[in-house]
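For reference, the chains in residue letters:
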Amino acid sequence: MKEKLYTIPLNDAMNENDECPFCFLERKLLQKTMDFVLGDSSSYMESDMRDKTDQAGFCRVHTKMMFDYGNSLGNGLILQTHLKKVQEELRQQMKGFTPSGKGGLFKKITGKKSEGGNPVAEWAAKRDRSCFICDQLKEEFACYVATFFFMYKKDEAFRTKAKECKGFCIPHFGVLMEEAEKELSGAQLTDFVASMDQVMEQNLQRIQEELTWFVDKFDYRNKDADWGNSRDALQRTMQKLHGGYPADPVYRHK
Ligand SMILES: [Zn+2]
Ligand SMILES: [Zn+2]
């Protein structure tokens, strides 16, 4: 069964008791993907891989990660052929682009966009969003979410683990609610939503208290008081709100 492949990493993530098990999985996936794209396997030397990265390109966040990762030659080779592809596309876009020059003043006054939008701007925005790494992550991440529900349905111990975890970041909680409606039904769906609501309520309150003590620690009267769980409350609050690990060091080529 395909889900079996994902069961062990998912259980590991649940056992980690992190602020969000899906962030934990996502970080692992991202590091694995970075290693695949730029690491020692030199996947970029294979023509089918290069066709894919030439076509998809990379978003701004992952381009920065690629730079920080190192392997300048690998980066250079990947971007060399990708740039060629972008040059061709831009040439085509500009060939077919006739600026209308109409509605400039109208737009300024009303704030409305001219009808149809600007095709070059649309192409550029689409190019900026398109990303090989994002695509890879999306695909594997979906398998983990499916496995979460597969386990939740069949495994009592897993259900307990889910109900006793530290909750999820807001973006991943959204994913969980959306998928729950597809994966569960009837009483099990109602119970799941109620349990996860409670988990989120309790844990956002916990984070709120930890962050409050973090702030209060700056008061000179609390200088010698114990940090408790609040020393890293800032990064954990950031994670709860937006996902990811703001305090992580840069991920580099080993
Ligand atoms: Zn998360
Ligand atoms: Zn990306």
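As a starting point, this report considers the structure included with it. The model shown is predicted, which means the values in this text are computed figures rather than measured ones.

**Some words on the coordination of the zinc ion (ligand 1)**
Link 1 in the chain: Every protein donor of the zinc ion (ligand 1) is accounted for by Cys20 (SG), Cys23 (SG), Cys169 (SG) and His172 (ND1), and the metal-donor separations fall at 2.0 to 2.4 Å.
Link 2 in the chain: Of note is the zinc ion (ligand 1), whose 4 donor atoms meet at the metal with angles of 95 to 117° in an arrangement that counts as tetrahedral.
Link 3 in the chain: Written as a sequence motif, the donor arrangement for the zinc ion (ligand 1) is C-x2-C-x145-C-x2-H. Of this pair, cysteine 23 sits in helix α2 (residues 21-38) while histidine 172 sits in helix α10 (residues 170-183), and the two are 149 residues apart along the sequence. Histidine 172 matches cysteine 23 in its accessibility class, with the two residues each being buried.

**Re helix α8 (residues 132-154)**
Link 1 in the chain: For α8, spanning 23 residues, the distance from its first C-alpha to its last is 34 Å, which sits close to the expected 33 Å at 1.5 Å a residue.
Link 2 in the chain: Listing the buried residues of α8 in full gives Phe132, Ile133, Leu137, Phe141, Cys143, Tyr144, Val145, Thr147, Phe148, Phe149, Met151 and Tyr152.

**Some points on the pattern of salt bridges**
Link 1 in the chain: Taken as a whole and assessed by the stated rule, the structure comprises 17 salt bridges.
Link 2 in the chain: Among the ionic pairs, aspartate 191 bridges to lysine 163, the shortest N-O distance being 3.0 Å. Within this pair, whereas aspartate 191 is found in helix α11 (residues 186-216), its partner lysine 163 is found in helix α9 (residues 156-163), the two being separated by 28 residues in sequence.
Link 3 in the chain: Residue classification places aspartate 191 among the partly exposed positions, given a relative accessible area of 35%.
Link 4 in the chain: Note on lysine 163: relative accessible area 33%, which makes it partly exposed.
Link 5 in the chain: Aspartate 219 serves as the salt-bridge partner of arginine 221, at 2.6 Å between the closest nitrogen and oxygen.

**Let's talk about helix α7 (residues 119-129)**
Link 1 in the chain: Restricting attention to buried positions, one finds in α7 the residues Val120, Trp123 and Arg127. Projected onto a plane normal to the axis of α7, the buried residues spread over an arc of 60° and lie on a single side. Of the exposed residues in α7, those oriented more than 90 degrees away from the buried face are Lys126 and Arg129.
Link 2 in the chain: Capping the start of α7, asparagine 118 holds a side-chain oxygen 2.8 Å from the backbone nitrogen of valine 120, two or three residues further along.

**Digging into the packing of helix α5 (residues 72-95) against α7**
Link 1 in the chain: Close contact between α5 and α7 brings their axes to 10 Å; oriented N to C, the two are set at 160°. By the angle between their axes, α5 is roughly antiparallel relative to α7. For the pair α5 and α7, the crossing hand works out as right-handed. On the side of α5, the interface is formed by His82, Lys85, Val86, Glu89, Leu90, Gln93 and Met94, while α7 contributes Pro119, Val120, Trp123 and Arg127.
Link 2 in the chain: The residue inventory of the contact of α5 with α7, partitioned by class, reads 6 nonpolar, 2 polar and 3 charged.

**Observations regarding the coordination of the zinc ion (ligand 2)**
Link 1 in the chain: Protein coordination of the zinc ion (ligand 2) is provided by Cys59 (SG), His62 (ND1), Cys131 (SG) and Cys134 (SG), with donor distances spanning 2.0 to 2.3 Å.
Link 2 in the chain: Its 4 donor atoms give the zinc ion (ligand 2) angles of 104 to 114° at the centre, a pattern that matches the tetrahedral case.
Link 3 in the chain: Along the chain, the residues donating to the zinc ion (ligand 2) are arranged with the sequence spacing C-x2-H-x68-C-x2-C. Of the two residues, histidine 62 is situated in helix α4 (residues 60-69) and cysteine 131 in the loop between α7 and α8; the sequence distance between them amounts to 69 residues.
Link 4 in the chain: Accessibility expressed as a relative area gives 7% for histidine 62, which makes it buried.
Link 5 in the chain: Looking at cysteine 131, the relative accessible area reads 1%, which means it is buried.

Rules used in this analysis
- Residues numbered from 1 in each chain as written.
- Chains lettered and ligands numbered in written order.
- Predicted model: local features only at pLDDT ≥ 70, side-chain atom pairs only at ≥ 80, totals over all residues.
- Heavy atoms only, no water.
- Donors = N, O, S within 2.8 Å, 3.2 Å for Na, K, Ca; no water.
- Tetrahedral: all angles 85-135°; square planar, octahedral: opposite > 155°, others 65-115°.
- Helix = DSSP H or I, 4+ residues; strand = E, 2+ residues; numbered from the N terminus.
- Buried < 20%, exposed > 50% of the residue type's maximum accessible area, 1.4 Å probe, protein only.
- Expected span 1.5 Å × (residues − 1).
- Salt bridge = Lys/Arg side-chain N within 4 Å of Asp/Glu carboxyl O.
- Arc of directions from axis to C-beta.
- Polar contact = N/O pair within 3.5 Å; in protein donor to acceptor, adjacent residues only side chain to side chain.
- Axes fitted to C-alpha atoms, helices over the stretch in contact; angles between N-to-C directions.
- Parallel < 35°, antiparallel > 145°, perpendicular 65-115°, else oblique.
- Left-handed = near helix turned anticlockwise from the far one by under 90°.
- Contact = heavy atoms within 4.5 Å.
- Nonpolar A, V, L, I, M, F, W, Y, C, P; charged D, E, K, R; others polar.

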